[in-house]
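Residue-level structure breakdown
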Amino acid sequence: NNEKSVPQLLIRDLKFEKKSLAKLMFSPDQDNHPSKAPVKYGELIVLGYNGSLPNGDRGRRKSRFALFKRPKANGVKPSTVHIACTPQAAKAISNKDQHSISYTLSRAQTVVVEYTHDSNTDMFQIGRSTESPIDFVVTDTVPGSQSNSDTQSVQSTISRFACRIICERNPPFTARIYAAGFDSSKNIFLGEKAAKWKTSDGQMDGLTTNGVLVMHPRNGFTEDSKPGVWREISVCGNVFSLRETRSAQQRGKMVENETNQLQDGSLIDLCGATLLWRTAEGLSRTPTVKHLEALRQEINAARPQCPVGFNTLAFPSMKRKDVVDEKQPWVYLNCGHVHGYHNWGNKEERDGKDRECPMCRSVGPYVPLWLGCEAGFYVDAGPPTHAFSPCGHVCSEKTTAYWSQIPLPHGTHTFHAACPFCAHQLAGEQGYIRLIFQGPLD
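Just so it is clear, the structure is predicted and the values come from calculations on it, not from any experiment.

Turning next to the overall build of the chain. Looking only at helices and strands, the chain features six helices and 29 strands. Counting all 442 residues of the chain, 51% fall into the buried class. Residue pairs at least 24 apart in sequence account for 65% of intrachain contacts in the chain once pairs closer than 6 positions are excluded.

To continue, consider the packing of aromatic side chains. Within the structure shown, the criterion is met by 17 aromatic pairs. Measuring from centroid to centroid gives 5.8 Å for Tyr41 and Phe173, while their planes differ by 55°, and the two rings are tilted. Residue Tyr41 is located in strand β2 (residues 40–46), and its partner Phe173 is located in the loop between β9 (163–168) and β10 (175–179); the two are separated by 132 residues in the primary sequence. What makes Tyr41 buried here is its relative accessible area of 4%.

The next thing to look at is the nonpolar core. If you look at the biggest cluster of nonpolar residues, it comprises 45 residues, and the most contacted ones within it are Leu44, Leu67, Ile126, Ile165, Ile177, Ile268 and Leu270. Those residues in contact with Leu44, other than ones at most four positions away along the chain, are Ser63, Arg64, Phe65, Leu67, Ile126, Phe136, Ile165, Ile268, Leu275, Leu276 and Trp277.

Our focus in this paragraph is helix α5 (residues 289–301). With 13 residues, α5 extends 18 Å from end C-alpha to end C-alpha; this agrees with the ideal 18 Å at 1.5 Å per step. All of the buried residues along α5 are His291, Leu292, Ala294, Leu295, Arg296, Ile299 and Asn300. In the segment just after α5, Arg303 is the residue with positive phi, at about 50°.

Turning our eyes to something else, we now look at the pairing of strand β6 (residues 110–118). Of all nine residues in β6, seven are buried; the element is thus mostly enclosed. Sheet topology note: the strand β4 (residues 75–82)/β6 ladder contains six bridges and is antiparallel. Note that in β6 the partner of Lys77 across the bridge is Thr116. Across six bridges, strand β5 (residues 99–104) lies against β6 in antiparallel orientation. Looking at β6, one finds that His99 is bridged to Tyr115. Between the antiparallel neighbours β5 and β6 lie five residues.

Spatial strand order, β23-β25-β24-β28: four strands in an open sheet with mixed pairing. Edge positions in the sheet fall to β23 (370–371) and β28 (432–434), since each has one partner strand and no second. Relative to β28, strand β24 (residues 386–388) runs antiparallel, the two sharing three bridges. The residue of β28 that forms the bridge with His386 is Arg434.

Following the criterion strictly, the structure yields zero disulfides and no others. The thiol of Cys360 is unpaired, and the distance to the nearest cysteine sulfur, on Cys335, comes to 3.6 Å. Relative accessible area serves as the criterion here: at 28%, Cys360 is assigned to the partly exposed category.

All right, on to the sheet that holds strand β11 (residues 187–190) then. Strand pairing in a sheet takes place through backbone hydrogen bonds and is either antiparallel or parallel in direction. The four strands are arranged β4-β6-β5-β11 in an open sheet whose pairing can be described as mixed. The open sheet is flanked by β4 and β11, the only strands paired with a single partner. Each neighbouring strand pair of the sheet contributes to a mean axis angle of 20°, computed without reference to strand direction.

With that settled, the discussion passes to the environment of Gln297. By the secondary structure assignment, Gln297 is in helix α5. On the basis of relative accessible area, Gln297 is assigned to the partly exposed category, the value being 46%. In sequence terms Gln297 and Phe315 are 18 residues apart; their C-alpha atoms lie 8.3 Å from each other. At 2.8 Å, the side chain of Gln297 forms a polar contact with the side chain of Glu293.

Parameters and conventions
- Residues numbered from 1 in each chain as written.
- Predicted model: local features only at pLDDT ≥ 70, side-chain atom pairs only at ≥ 80, totals over all residues.
- Heavy atoms only, no water.
- Helix = DSSP H or I, 4+ residues; strand = E, 2+ residues; numbered from the N terminus.
- Buried < 20%, exposed > 50% of the residue type's maximum accessible area, 1.4 Å probe, protein only.
- Contact = heavy atoms within 4.5 Å.
- Phe/Tyr/Trp six-rings, centres within 6.5 Å; stacked < 30°, edge-to-face > 60°.
- Core = buried A, V, L, I, M, F, W, Y, C linked by side-chain atoms within 4.5 Å.
- Expected span 1.5 Å × (residues − 1).
- Pairing = 2+ DSSP bridges.
- Disulfide = S-S within 2.5 Å.
- Axes fitted to C-alpha atoms, helices over the stretch in contact; angles between N-to-C directions.
- Polar contact = N/O pair within 3.5 Å; in protein donor to acceptor, adjacent residues only side chain to side chain.

Below, the structure is given as structure tokens:
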């Protein structure tokens with residue numbers, strides 16, 4: 001098992017057919033003629049799912065949601081403000097055709113802000129509720145869960161009407177995010193305990209119980225991206241520094257020079273699930289599923305081998321992304337040496353979790369490798385040369401480097417880096433490892 005005598009290759013050494021891949025990489029809607037295609041504002045992708053929900057995408061419950069220009073504008077904007085319990089205020093609340101936000105200051109006083117139709121914008125609502133005003137139903141993400149039944153026992157911390165996104169119907173189709181969504185009676189109620197206040201111009205504003213956090217990356221969503229700073233977005237779309245804990249009564253400081261405008265790569269945290277916003281333009285520069293499939297076939301065509309069993313390894317097809325295949329590549333997470341599954345070095349006193357690599361004798365976890373199939377998480381179109389640790393999801397080097405730097409909200413006051421494909425907290429010095437394959441001996 002002398003390491004030097006064995007031919008090794010890194011995936012980057014493979015001769016990737018650049019031209020054929022370039023054709024696949026761009027234009028995700030190749031089959032749609034631009035004249036017929038509706039305007040796409042962007043897509044929301046839930047972190048922790050590798051291309052679809054465990055039991056499949058159904059209706060408004062899925063792992064990604066595309067926002068298209070609506071046939072008819074449904075946006076709203078603030079208009080009349082009613083203070084105290086006047087008849088108009090009561091009427092505004094009871095009027096099912098009128099959107100309104102009610103701020104309960106005390107039992108004696110409620111401020112009601114009426115909202116009126118805005119023909120220039122489209123509104124999309126996100127939350128846990130399955131009621132009709134919610135366009136995208138999001139439930140709590142359980143790291144590495146393989147079925148929705150794993151998630152049902154958890155008491156949800158995601159608000160039923162968590163947030164709304166307002167998109168301009170005209171170019172450049174700016175999208176803005178606001179905390180809280182309107183319920184079936186077209187109301188948003190901020191109760192006595194919710195953080196709320198009067199703004200300098202006499203308007204009302206407030207925060208929802210667990211808050212809506214947003215992080216805009218620096219340098220966009222590209223191979224040069226760097227993490228930004230997490231902020232909290234108010235009901236009126238103002239930007240604040242974070243509260244001490246998610247549901248603290250005291251709001252953070254207002255951040256004057258930042259806005260609620262979403263950028264390509266913005267992350268939205270709903271306290272239980274985190275969504276990635278990708279603009280239509282950003283997605284057009286992102287590798288497609290066809291491109292990832294071409295990369296998979298390219299690796300398999302190089303016939304990487306297990307250095308112990310000398311059997312050829314192959315990544316299973318993207319449709320079989322949860323079942324361990326007999327040809328599946330496995331990796332020793334401490335050194336990156338890729339093998340087929342074998343029992344070598346499985347010492348009982350190690351609980352079966354840590355194994356000794358036959359190539360270099362380093363001891364550590366030994367896990368199957370899975371391709372990252374959700375193309376929207378990739379910051380570039382590079383070959384799949386690296387794997388997240390400890391889950392074994394494989395993607396490009398720059399994609400692993402980017403996500404390993406992102407502190408994702410966890411619980412009510414902690415943050416940690418996680419794999420975007422399964423939401424597992426990253427481990428080890430970097431949170432990812434470079435893969436070392438052995439080429440065929442012939």
